[in-house]
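# Per-entry structural report
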Amino acid sequence: WAGLYANATRAAIVALATAMGLQQMAVGEQIVMIAFGVVLGSFAVASALAFGLGGREPARKLLDEWIERRGG
């Protein structure tokens, strides 16, 4: 998992640096901001769907463990 997280972090840093660089150069500021927002929003929606649809049972178990720890 460490390699996956390292590659994802590296890609996110490169994307953020590229977007910031293009914004500083005033090259299509609106396009850069919209594209970056769409990519980030798409990742959030994809993660939520993957966890929600594919991880119902593990999510239930995890929530049950959290509730048990809190004494509920």
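Residues numbered from 1 in each chain as written. Predicted model: local features only at pLDDT ≥ 70, side-chain atom pairs only at ≥ 80, totals over all residues. Heavy atoms only, no water.

Okay, the overall build of the chain next. The helix and strand inventory of the chain stands at three helices and zero strands. Starting at the N terminus and walking to the C terminus, you meet the elements of the chain as α-α-α. Taking all 72 residues of the chain together, the buried fraction comes to 6%. Accessible area for the chain stands at about 6200 Å²; split by element, carbon and sulfur atoms hold 70% of it. Placing the 6 positive and 5 negative side-chain charges of the chain at their respective mean positions leaves the two points 4 Å apart. (Helix = DSSP H or I, 4+ residues; strand = E, 2+ residues; numbered from the N terminus. Buried < 20%, exposed > 50% of the residue type's maximum accessible area, 1.4 Å probe, protein only. Areas by Shrake-Rupley, 256 points an atom, 1.4 Å probe, with all protein chains shown as cover. Lys, Arg positive; Asp, Glu negative; His and termini not counted. Charge placed at Lys NZ, Arg CZ, Asp CG, Glu CD.)

Turning to the pattern of salt bridges, a few remarks are in order. Evaluation of the coordinates by the stated rule reveals two salt bridges. With its nearest N and O atoms 2.5 Å apart, the salt bridge here joins Arg-60 to Glu-57. With a gap of three residues between them, Arg-60 and Glu-57 both fall in helix H3 (residues 56-69), about one helical turn apart. Judged by its relative accessible area of 42%, Arg-60 falls in the partly exposed class. Overall, Glu-57 belongs to the partly exposed group, its relative accessible area being 40%. Between Arg-60 and Asp-64 there is a salt bridge, and its shortest N-O distance comes to 3.0 Å. (Salt bridge = Lys/Arg side-chain N within 4 Å of Asp/Glu carboxyl O.)

For the largest pocket, the calculated volume is near 280 Å³. Ala-8, Ala-11, Ala-12, Ala-15, Phe-36, Val-39, Leu-40 and Phe-43 are the residues that line the largest pocket. Of all elements in the fold, only helix H1 (2-24) and helix H2 (29-54) reach the threshold of two or more residues within the lining of the largest pocket. In terms of residue class, the lining of the largest pocket is built from eight nonpolar, no polar and no charged. (1 Å grid on protein atoms, 1.4 Å probe; cavity = no way out; pocket = protein on both sides within 12 Å on 5 of 7 lines; lining within 4 Å. Points joined across faces, edges and corners; volume = space filled by probe spheres on them. Nonpolar A, V, L, I, M, F, W, Y, C, P; charged D, E, K, R; others polar.)

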